[in-house]
Amino acid sequence: MKDVAIVTGASGGIGRAISLSLINQGYEVILLGRDAKKLKVLTTECQSQHGNATYFAGDLLDTNYMELMEKTISSHRKHISLLVNNAGIALRGPFYKSSMEEWSKIVNLNVSAALNLSRAVLPGMIDRRKGTIINISSLSGRFTSAGSALYSATKHALNGLSGGMFEDLREFNIKVSAIMPGFVDTALTSNIGRNKERMISPEDVAAAVEFVIQSSPNCCPTEIVLRPQQAP
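Predicted model only: the values in this text are computed from it and were never measured.

Draft legend 1. Spotlight on the overall build of the protein. Each helix and strand counted, the protein has six helices and seven strands in total. Radius of gyration (C-alpha) of the protein: 17 Å, near the 17 Å computed for a compact globule of 232 residues. In terms of principal-axis extent, the alpha carbons of the protein reach across some 50 × 40 × 40 Å. When contacts within the protein are restricted to residue pairs at least 6 apart in sequence, those whose partners lie at least 24 apart make up 67%. For the protein, the computed accessible surface area is about 11600 Å², with 50% contributed by carbon and sulfur atoms. Placing the 24 positive and 20 negative side-chain charges of the protein at their respective mean positions leaves the two points 2 Å apart.

Here it is in structure tokens:
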């Protein structure tokens, strides 16, 4: 059986590009996302490239869906070698206008979902002394800007989680990496008034994921920062 990779937020943008890249690298891919129609189209595209893909549409904030995913992971545990935590949301606006409901939502999706899925795949990875977990973070996890306090806080947390996970898992030969892109040309940046032609492409992020995977057993790129060559 092929190595299995799980990609969250696979419905479009970065997740879609990563999924297609992984199929080309020979992985069997489990696609998670909220848009069933887009996931079905992506699954068909993966299969047209002679790859094996399965999709499960749902919201990682839904407890029942998360429990189903944990059971699905358990059934594939012996073969899961890669988890890409890509799902996330950006809630923008002045901090003083934010609510605890918004805070709970963004923390649960941007941080807690990544933590829970990582915990689900780790028993099999630890048993095999092999595996890779890649968290798609953001340049906002390094810097702050007006109107992005909640989003930036979650990405700082995700970076901290990634670093701590690496330290705890490195002796099991498990790689953990945080990839921090700047502005990427996706739906998430469609209404922010920036020059999309200067943004990073989703394929640029997929190439960074491939770089982590292909790094030698003696090396782990624990952090990768991707910035547009020209300011958008």
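Here the narrative resumes, following the displayed structure.
Draft legend 2. Focus on helix 5 (residues 149-169). Taking 1.5 Å of rise per residue, 21 residues should cover 30 Å, and helix 5 covers 30 Å from first to last C-alpha, within 8% of that figure. Residues Leu150, Tyr151, Ser152, Thr154, Lys155, Leu158, Asn159, Leu161, Ser162, Met165, Phe166 and Leu169 constitute the buried set of helix 5. On its buried face, helix 5 is in contact with helix 4 (100-128), strand 5 (131-136) and strand 6 (174-181).

Draft legend 3. Highlighting the pairing of strand 6. The buried fraction of strand 6 amounts to eight of the eight residues, a majority that puts the element mostly inside the structure. Neither face of strand 6 is open: one carries Ile174, Val176, Ala178 and Met180, the other Lys175, Ser177, Ile179 and Pro181, and all of them are buried. Direction of pairing for strand 5 relative to strand 6: parallel, over a ladder of six bridges. Within strand 6, the residue paired with Ile133 across the bridge is Val176. Tracing the backbone out of strand 5, into helix 5 and back to the parallel element strand 6 gives a crossover that is right-handed. By the bridge criterion, four bridges tie strand 6 to strand 7 (residues 223-226) in an arrangement that is parallel. Bridging across to strand 7, Met180 finds its partner in Val225.

Draft legend 4. Quick peek at the packing of helix 3 (residues 63-76) against helix 4. For the pair helix 3 and helix 4, the least separation of the axes is 9 Å and the interaxial angle reads 25 degrees. The orientation of helix 3 relative to helix 4 falls into the category roughly parallel. Along this stretch, helix 3 crosses helix 4, giving a crossing that reads as right-handed. Contacts between helix 3 and helix 4 involve Met66, Met69, Glu70 and Ile73 on the former and, on the latter, Ala113, Asn116, Leu117, Ala120 and Val121.

Draft legend 5. Representation of the sheet that holds strand 3 (residues 53-57) within the structure. The strand order 3-2-1-4-5-6-7 describes an open sheet built from seven strands, whose pairing is parallel. Of all strands in the sheet, those with a lone pairing partner are strand 3 and strand 7, marking the two edges. With direction set aside, neighbouring strand axes in the sheet form an average angle of 15 degrees. By the bridge criterion, five bridges tie strand 2 (residues 28-33) to strand 3 in an arrangement that is parallel. Looking at strand 3, one finds that Ile30 is bridged to Thr54. Here helix 2 (residues 36-48) sits on the sheet and contacts strand 2 and strand 3; the angle it forms with strand 3, its principal contact strand, is near 175 degrees.

So, how was this worked out
Residues numbered from 1 in each chain as written. Predicted model: local features only at pLDDT ≥ 70, side-chain atom pairs only at ≥ 80, totals over all residues. Heavy atoms only, no water. Helix = DSSP H or I, 4+ residues; strand = E, 2+ residues; numbered from the N terminus. Rg over C-alpha atoms; globule rule 2.2 N^0.38 Å. Contact = heavy atoms within 4.5 Å. Areas by Shrake-Rupley, 256 points an atom, 1.4 Å probe, with all protein chains shown as cover. Lys, Arg positive; Asp, Glu negative; His and termini not counted. Charge placed at Lys NZ, Arg CZ, Asp CG, Glu CD. Expected span 1.5 Å × (residues − 1). Buried < 20%, exposed > 50% of the residue type's maximum accessible area, 1.4 Å probe, protein only. Pairing = 2+ DSSP bridges. Right-handed = clockwise from strand over helix to strand, strands pointing away. Axes fitted to C-alpha atoms, helices over the stretch in contact; angles between N-to-C directions. Parallel < 35°, antiparallel > 145°, perpendicular 65-115°, else oblique. Left-handed = near helix turned anticlockwise from the far one by under 90°.

Honestly, it's all geometry; don't read function into it.
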